Amino acid sequence: MASSAERGPSAGADAEAKAPSFFERADHHDAVVQGLLSGVLPLKFAYAGSAAYTHDRLARGEGYQSVTGLGTLARRALSELREPGAGPVRLAEIGPGNGRHTAEVFRQLRQDKFPPVSYLALDFSETLLEVAAQRLHGDPLLATGLHHSFWDVESGPTAAIEEWRAGDAASLSVLFVGNTLGNLEDPVAALAHVRHSVRAGDRLILGVTLRDPADDVEALRAPYLTEVFEDAALEPLLALGIDRRLLDLSIVYDASADQVVGEVRLLGAVPAGEAEVPAGHTVRCFRSRRFDLDEVHAIVSAAGWKREADHLEPGTRHAVVTASSPG
Ligand SMILES: C[S@@+](CC[C@H](N)C(=O)[O-])C[C@H]1O[C@@H](n2cnc3c(N)ncnc32)[C@H](O)[C@@H]1O
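Thresholds, definitions, all that
- Residues numbered from 1 in each chain as written.
- Predicted model: local features only at pLDDT ≥ 70, side-chain atom pairs only at ≥ 80, totals over all residues.
- Heavy atoms only, no water.
- Axes fitted to C-alpha atoms, helices over the stretch in contact; angles between N-to-C directions.
- Helix = DSSP H or I, 4+ residues; strand = E, 2+ residues; numbered from the N terminus.
- Parallel < 35°, antiparallel > 145°, perpendicular 65-115°, else oblique.
- Left-handed = near helix turned anticlockwise from the far one by under 90°.
- Contact = heavy atoms within 4.5 Å.
- Nonpolar A, V, L, I, M, F, W, Y, C, P; charged D, E, K, R; others polar.
- Phe/Tyr/Trp six-rings, centres within 6.5 Å; stacked < 30°, edge-to-face > 60°.
- Lys NZ or Arg CZ within 6 Å of the ring centre and 35° of its normal.
- Domains from an automatic or database assignment.
- Buried area = accessible area lost by both parts, 1.4 Å probe.
- Salt bridge = Lys/Arg side-chain N within 4 Å of Asp/Glu carboxyl O.
- 1 Å grid on protein atoms, 1.4 Å probe; cavity = no way out; pocket = protein on both sides within 12 Å on 5 of 7 lines; lining within 4 Å.
- Points joined across faces, edges and corners; volume = space filled by probe spheres on them.
- Core = buried A, V, L, I, M, F, W, Y, C linked by side-chain atoms within 4.5 Å.
- Buried < 20%, exposed > 50% of the residue type's maximum accessible area, 1.4 Å probe, protein only.
- Pairing = 2+ DSSP bridges.
- Near = heavy atom within 4 Å.
- Polar contact = N/O pair within 3.5 Å; in protein donor to acceptor, adjacent residues only side chain to side chain.
- Areas by Shrake-Rupley, 256 points an atom, 1.4 Å probe, with all protein chains shown as cover.

1. Here's the deal with the packing of helix H8 (residues 187-195) against helix H11 (residues 293-302)
- Direction vectors running N to C along H8 and H11 enclose 50°, while the axes themselves pass 8 Å from each other. When the axes of H8 and H11 are compared, the pair comes out oblique. Considering how the two elements wind past one another, H8 and H11 form a crossing that is right-handed. Contacts from Pro187, Val188 and Leu191 of H8 reach H11 at Ile299, Val300 and Ala302.
- A breakdown of the residues in the contact of H8 with H11 according to their chemical character gives six nonpolar, no polar and no charged.

2. Observations regarding the packing of aromatic side chains
- All told, the structure shown has six aromatic pairs when counted by the stated rule.
- Look at Phe124 and Phe150: their rings are 5.9 Å apart centre to centre, the planes differ by 45°, and that puts the pair in the tilted class. With a gap of 26 residues between them, Phe124 in the loop between strand S4 (117-123) and helix H6 (126-136) and Phe150 in strand S5 (residues 142-150) connect regions that are remote in the sequence.
- Among the aromatic residues, those joined into a cluster by ring pairs are Phe45, Phe124 and Phe150.
- Cation over ring: Arg90 sits above Trp164, and NZ or CZ is 4.6 Å from the ring centre.

3. Some remarks on the domain arrangement of the protein chain
- Segmenting the protein chain into domains produces domain 1 (25-58 + 216-289) and domain 2 (66-210 + 291-324).
- A C-alpha centroid distance of 27 Å is found between domain 1 and domain 2.
- Opposite the 20 residues of domain 1 that make contact, domain 2 presents 24 residues.
- Surface buried jointly by domain 1 and domain 2 totals about 1,800 Å² across both partners, of which 49% is contributed by carbon and sulfur atoms.
- Applying the counting rule to domain 1 against domain 2 returns four salt bridges.

4. Details of the layout of surface pockets
- When its volume is computed, the second largest pocket comes out at roughly 210 Å³.
- Of all the secondary-structure elements, those providing two or more residues to the lining of the second largest pocket are helix H4 (72-81), strand S3 (89-94) and strand S6 (172-176).
- A breakdown of the residues in the lining of the second largest pocket according to their chemical character gives eight nonpolar, four polar and four charged.

5. Let's talk about the nonpolar core
- Judged by nonpolar contacts, the single largest core of 34 residues is most densely connected at Leu36, Phe229, Leu237, Leu240, Leu247 and Leu249.
- Those elements that provide at least two residues to this core are helix H1 (26-38), helix H10 (227-239), strand S8 (247-254), strand S9 (259-266), strand S10 (270-272) and strand S12 (282-289).
- A per-element tally of this core places H10 first, with seven residues.
- Apart from residues lying up to four places away in sequence, Leu237 is in contact with Val32, Leu36, Leu41, Ile242, Leu247 and Val264.

6. Some points on the pairing of S9
- Summarising burial for S9: six of the eight residues are buried, a large majority.
- Pairing of S9 with S12, which is carried by seven bridges, proceeds in the antiparallel orientation. Considered in S12, the bridge of Gln259 is made with Arg289.

7. Considering the site of the ligand
- If you check the shell around the ligand, you find 20 residues, and the closest are Gly95, His101, Asp123, Asp152 and Glu154.
- Within the contact set of the ligand, a nitrogen atom lies 3.2 Å away from a backbone nitrogen or oxygen of Phe124.
- Residue Trp151 places a main-chain N or O atom 3.4 Å away from a nitrogen atom belonging to the ligand.
- For the ligand, whose accessible area on its own is 590 Å², the fraction buried by protein is 97%.
- Its residues assigned to classes, the shell around the ligand comprises eight nonpolar, eight polar and four charged.

8. A few points about the sheet that holds S8
- The strand order S8-S9-S12 describes an open sheet built from three strands, whose pairing is antiparallel. The open sheet is flanked by S8 and S12, the only strands paired with a single partner. Within this sheet the neighbouring strands show an average axis-to-axis angle of 20°, counted without direction.
- Direction of pairing for S8 relative to S9: antiparallel, over a ladder of eight bridges. Paired with Tyr253 across the strands is Val260, a residue of S9.

9. As for the packing of H4 against helix H5 (residues 100-111)
- Running from N to C, H4 and H5 cross one another at 50°; their axes reach a closest spacing of 9 Å. As judged from the angle between their axes, H4 and H5 are oblique. Of the two possible hands of crossing, H4 and H5 adopt the one that is right-handed. The segment H4 lies against H5, with Thr72, Ala74, Arg75, Leu78 and Ser79 engaging Val105, Gln108 and Leu109.
- By residue class, the composition of the contact of H4 with H5 is four nonpolar, three polar and one charged.

Here's what the structure looks like:
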């Protein structure tokens, strides 16, 4: 059930055009209050409800794609995993966002004469699932239409993949791209949840953003220094009804954890459920971790996957690592 909160007075230039902020589910309100109080707001809330639309605006920009990649590596990995003469392909994607990256992968696969696929989109954000479904609807690569289902990959395994397969023996690839892994609080646990949701022999196609030693701090911060990003990062707090003028967002590079972090400092006291949070309180509302390939390998292995191949694109910071489930 959705609950809503009107947005308070806004300092943003496009304030008049902005639709009211809202939470997708009633329990998201309470979880965001919890995040505000604890000082750590998991990033998944910046994708759901009204935040899905601010994310959609963000994800249409060049800076966003410089972080998430543009489909070439996922296409290459999928094409390589495809065994000649094998039966139908099932593809389950975790976190398709607004579907733009997926649409590009599909376009490239069609060019490769990849056979039609059965596709299941899984996401924490039901609103983004609708946005992605609209974008991908009617794509000629989708053999049996498009299915989608809510899943919080951080909370535990899902039965949705097995239900969708309905006893069919076709092999499955799980697409998990766009450096979503770098947004999660516990990447090993999330990948273990994925493994426990699939069968032995199923594949993982994991897209991450690599650390580049040539990048200085300013280059790492640059994609996030925009009004569109600020809108996206603050949206869960605005959905609580907090006055935007009280939210001071800084983008910092946390070298110890190799992550770009968005930190909000409250410029005045704000209500949080029954409590009040004082001025000066800080909340981490965004994180995007950078990896080196060895770290990705360690995470994939610690989650119980058997590593298969790495796909790198010279001149970019993107990598796709494939693995199979030993069951
Ligand atoms: C960084 S975006 C990536 C979008 C797209 N894959 C791309 O490459 O542009 C993260 C996506 O993962 C979803 N997501 C974030 N946290 C999640 C979670 N805990 N469980 C499931 N989906 C999640 C978001 O809603 C969003 O669709």
